[in-house]
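Working through the structure, step by step
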Amino acid sequence: MAQDPKQKRKQERQMNDQMRVRHEKMDELREEGIDPFGHEFKPTALAKDLTEEYDKYSKEELEEKDVTVTIAGRMVAKRGSGKVGFADILDRSGRMQIYIRKDVVGEEKYHIFKRSDIGDFLGFTGEVIKTDMGQLTVRVTDVTFLSKALRPLPDKFHGLQNKEQKYRQRYLDLISNRESFDRFQNRAKIISAIRNFLDNEMDFTEVETPVLHASAGGASARPFITHHNALDIQLYLRIALELHLKRLIVGGMGRVYEIGRVFRNEGMDKEHNPEFTELESYAAYFDFKDVMDETEGIFRAAAKVVTDDGKVTYQGNEIDLDKPFKRVHMVDAIKEVTGVDFWPEMTIDEARKLADEHHVKYESYWKVGHIINEFFEEFVESTIVDPTFVYGHPIEISPLAKKNADDPRFTDRFELYILGNEYANAFSELNDPIDQRQRFEAQVAEREAGNDEAQGIDEDFIKALEYGMPPTGGLGIGIDRLVMLLTDAPSIRDVLLFPTMRPEEDQD
RNA sequence: GAGCCGUUAGCUCAGCCGGUAGAGCAUCUGACUUUUAAUCAGAGGGUCGGCAGUUCGAACCUGCCACGGCUCACCA
């Protein structure tokens with residue numbers, strides 16, 4: 001391919017010594033009639049399969065078996081002496097050592113191996129053997145050059161440590177840090193296990209609902225705003241899946257769930273990324289206690305991917321997901337930790353007095369329920385260790401949850417807490433359209449009073465409820481945080497392949 | 001949004017009181033027919049994140065900027 005000489009000079013200026021050498025080797029391959037960016041290749045085995053199948057045999061047994069295989073992958077380590085060489089080949093399943101001799105493969109093929117760099121893709125055919133050191137190895141009879149790496153890989157021993165680079169160039173992290181590679185494999189398996197549980201054990205239907213919303217509801221959060229040209233309207237990226245899924249319950253689908261990306265235009269930290277993956281499920285005729293059972297089922301199914309006995313260690317703290325989760329009313333939990341009793345009916349002034357006594361700050365528009373919630377968040381949340389369903393949230397902070405039949409100050413809602421963090425939020429869904437309109441109106445009043453995350457009225461959703469929605473139990477789980485818990489990841493960025501980053505300028 | 005910390009070779013990291021930049025891996029040359037962070041001998045490789053300032057002299061001190069990390073705040 002012809003290249004502008006000016007551009008080529010510029011490129012060369014930006015290259016370091018190692019890139020120059022690799023470009024030269026690429027040209028050399030072409031001169032030898034080898035395509036440095038080759039085509040299809042048919043490996044007959046993966047590294048992991050070979051280990052599983054043959055590692056149990058002795059050196060002599062393997063010699064007798066005389067098994068020939070073809071493997072392919074990226075060369076990630078290379079060592080050896082003049083006329084023999086060893087290399088580690090990384091394929092999607094793991095590593096395999098190869099052993100190559102000049103007197104076996106011949107001058108030309110050995111030269112290809114000698115001149116190839118760490119990072120290059122190569123294919124090898126050979127016999128499965130064990131070395132004198134007992135290492136399972138492919139003794140090479142044929143080499144195929146597959147693809148050139150023009151940039152050097154990170155340090156083979158330390159891997160890639162620079163966090164920024166790990167997030168920006170995840171492919172390098174995946175190549176050089178096996179624990180990261182495995183974590184993303186586990187993420188996929190966890191999501192698959194959840195799907196399997198909901199599909200096959202709970203008889204749910206998986207659905208897809210719009211990401212672009214005319215009004216962003218179903219949660220309290222600031223949305224991302226975008227614009228549709230043809231319709232010339234403002235649209236929002238969804239902040240929750242809730243309102244569409246409930247419309248499907250109205251439509252008679254009975255049990256639906258969606259695992260999908262939602263977007264919240266808020267701060268970023270170890271637990272928050274602007275886009276994240278949420279599971280929401282809705283089941284007709286469930287109440288929130290049924291949803292607790294469903295949630296335990298989901299967590300156990302997911303945990304099975306990483307543990308046999310349900311025990312998981314997160315950042316040094318062990319928890320047991322096989323034990324039945326604790327269940328406690330929010331007011332009882334507050335009473336237990338602080339001694340403050342919110343069971344008696346009280347006026348806002350009495351609640352404010354309690355807040356003042358305990359140095360709990362409150363906003364002017366807060367009602368008693370907001371203060372109760374604040375007590376919980378301030379004093380109780382961080383003390384929870386074992387998986388615990390905290391239920392009975394105040395009605396003021398739960399605009400989509402059904403009122404408790406015996407005490408209308410509270411809702412039939414729960415959140416699941418583990419090690420001080422929230423993992424699930426669920427309730428018996430509000431299916432009374434008149435109550436729903438009043439809740440939305442209270443949210444609008446809150447917004448006018450200064451809460452810019454309060455929701456607006458979704459008239460279309462209320463209309464759907466007016467056609468009748470069966471009693472329904474709904475659930476939301478933050479998938480990223482669940483994956484963090486199960487894979488012992490300290491930051492949400494460690495479980496997102498490509499976390500949101502500020503773009504860098506001046507890229508080479 | 002605030003505070004603290006970081007940014008030095010392709011990667012991982014040193015660099016003392018301000019005196020013109022170091023190691024290991026990687027790369028290059030040579031030796032070596034069972035190595036596994038291979039070994040041995042030699043060599044090359046730097047806009048010390050960027051821009052200003054202080055100074056005879058700045059990787060180091062000061063200011064501003066960029067990006068990142070941690071903590072806090074915010075966050076159904």
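In the block above lies the structure referred to throughout.
Cut-off values and rules
Residues numbered from 1 in each chain as written. Chains lettered and ligands numbered in written order. Predicted model: local features only at pLDDT ≥ 70, side-chain atom pairs only at ≥ 80, totals over all residues. Heavy atoms only, no water. Phe/Tyr/Trp six-rings, centres within 6.5 Å; stacked < 30°, edge-to-face > 60°. Helix = DSSP H or I, 4+ residues; strand = E, 2+ residues; numbered from the N terminus. Buried < 20%, exposed > 50% of the residue type's maximum accessible area, 1.4 Å probe, protein only. Lys NZ or Arg CZ within 6 Å of the ring centre and 35° of its normal. Pairing = 2+ DSSP bridges. Axes fitted to C-alpha atoms, helices over the stretch in contact; angles between N-to-C directions. Contact = heavy atoms within 4.5 Å. Near = heavy atom within 4 Å. Polar contact = N/O pair within 3.5 Å; in protein donor to acceptor, adjacent residues only side chain to side chain. Nonpolar A, V, L, I, M, F, W, Y, C, P; charged D, E, K, R; others polar. Salt bridge = Lys/Arg side-chain N within 4 Å of Asp/Glu carboxyl O. Core = buried A, V, L, I, M, F, W, Y, C linked by side-chain atoms within 4.5 Å. Patch = residues over 30% accessible without salt bridge, like charges linked within 9 Å, V, L, I, M, F, W, Y side chains within 5 Å. Areas by Shrake-Rupley, 256 points an atom, 1.4 Å probe, with all protein chains shown as cover. Lys, Arg positive; Asp, Glu negative; His and termini not counted. Charge placed at Lys NZ, Arg CZ, Asp CG, Glu CD. Parallel < 35°, antiparallel > 145°, perpendicular 65-115°, else oblique. Left-handed = near helix turned anticlockwise from the far one by under 90°.

**Notes on the packing of aromatic side chains**
With the rule as written, the count across this model stands at 13 aromatic pairs. Seen in terms of ring centroids, Y110 and F113 are 6.2 Å apart; in terms of plane orientation they differ by 45 degrees. Their pairing is tilted. Taken together, the residues Y110 and F113, both in helix α5 (residues 102–115) and 3 residues apart, mark about one turn of the helix. No difference in accessibility class separates Y110 from F113, as the two residues are buried. Between the aromatic rings of F342 and F375, the centroid separation amounts to 5.0 Å while the plane-to-plane angle is 70 degrees, which identifies the pairing as edge-to-face. Pair noted here: F342 is in the loop between α11 (330–338) and α12 (348–357) and F375 is in helix α13 (residues 368–380), with a separation of 33 residues, a long-range link. Under the relative-accessibility criterion, F342 is labelled buried at 1%. Every member of this aromatic cluster is reached through a ring pair, and the members are F299, F325, F389, F414 and Y423. Above the plane of the ring of F113 lies K78, whose end atom (NZ or CZ) is 5.2 Å from the centre.

**Quick look at the sheet that holds strand β1 (residues 68–80)**
Spatial strand order, β1-β2-β3-β5-β4: 5 strands in a closed barrel with mixed pairing. Between one strand axis and the next, the sheet turns by 55 degrees as a mean value, whatever way the strands run. Two elements, strand β4 (residues 121–130) and strand β5 (residues 136–147), share 10 bridges in a ladder whose sense is antiparallel. Residue pairing in the sheet places L122 in a bridge with F145 of β5. Strands β1, β2 (84–91), β3 (94–101), β4 and β5 of the sheet are contacted by α5, whose axis makes an angle of about 125 degrees with β3.

**What about the protein's contact with RNA strand B?**
Around RNA strand B sit 50 residues, and of these D17, M133, K156, N425 and R493 come closest. At 2.5 Å from a base nitrogen of RNA strand B is found a main-chain nitrogen or oxygen belonging to G80. At 3.1 Å, a side-chain N or O of E422 approaches a base nitrogen of RNA strand B. In terms of residues, the surface near RNA strand B owes the most to one element, helix α6 (residues 163–168), which gives 5 residues. Grouping the constituent residues of the surface near RNA strand B by class yields 11 nonpolar, 16 polar and 23 charged.

**Examining the pattern of salt bridges**
Under the defined criterion, the tally for this structure stands at 36 salt bridges. Note that K130 and D55 form a salt bridge whose closest N and O atoms lie 3.7 Å from each other. Residue K130 is located in strand β4, and its partner D55 is located in the loop between α3 (47–54) and α4 (59–65); the two are separated by 75 residues in the primary sequence. Between E242 and K246 there is a salt bridge; the shortest N-O distance is 2.8 Å. Within this pair, E242 and its partner K246 are both found in helix α9 (residues 242–250), separated by 4 residues, close to a single helical turn. With respect to class, E242 is no different from K246; both count as buried.

**Here we look at the pairing of strand β9 (residues 233–237)**
Looking at chain direction, strand β7 (residues 212–213) and β9 are connected through 2 bridges and run antiparallel. Bridge pairing in β9 links L212 to L237. Bridging between strand β8 (residues 225–228) and β9 involves 4 bridges; their strand directions are antiparallel. Paired with H227 across the two strands is Q234, which belongs to β9. Connecting the antiparallel pair β8 and β9 is a turn made up of 4 residues, with D232 showing a positive phi of about 50 degrees.

**Points about the sheet that holds strand β14 (residues 326–329)**
Taken in spatial order, the 8 strands make up an open sheet running β6-β10-β11-β18-β17-β16-β15-β14, and their pairing is mixed. Of all strands in the sheet, those with a lone pairing partner are β6 (205–206) and β14, marking the two edges. The pairing of strand β15 (residues 388–391) with strand β16 (residues 413–418) spans 4 bridges and is classified as antiparallel. Bridging across to β16, F389 finds its partner in L416. Relative to strand β11 (residues 275–284), α9 is tilted by about 25 degrees, and along the sheet it contacts β10 (255–263), β11, β17 (421–428) and β18 (472–478).

**Thoughts on the nonpolar core**
The biggest cluster of nonpolar side chains holds 46 residues, and the ones touching the most others in it are I194, L198, L279, I298, F299, L321 and I418. The greatest single-element share of this core, amounting to 8 residues, is contributed by helix α10 (residues 288–303). Residues in contact with L279, not counting those within four places in the same chain, are I194, L198, Y257, E258, I259, I298, L475, G476, I477 and I479. Among the nonpolar cores identified, the runner-up in size contains 27 residues, and A47, L62, M75 and Y110 belong to it.

**As for a negative patch on the surface**
Together, E24, D27, E31, E32 and E108 line one region of the surface with negative charge. With 3 residues, the single largest contributor to the negative patch is helix α2 (residues 17–31). On the secondary structure map, E108 appears in helix α5.

**Details of the packing of α9 against helix α15 (residues 459–466)**
Two elements in contact, α9 and α15, have axes whose closest approach is 9 Å; the angle formed by their N-to-C orientations is 20 degrees. The orientation of α9 with respect to α15, classified from their angle, is roughly parallel. As α9 runs across α15, the sense of the crossing is left-handed. Across the interface between the two elements, L243, K246, R247 and V250 of α9 pack against D460, F461 and A464 of α15. Across the contact of α9 with α15, the residue classes tally to 4 nonpolar, no polar and 3 charged.

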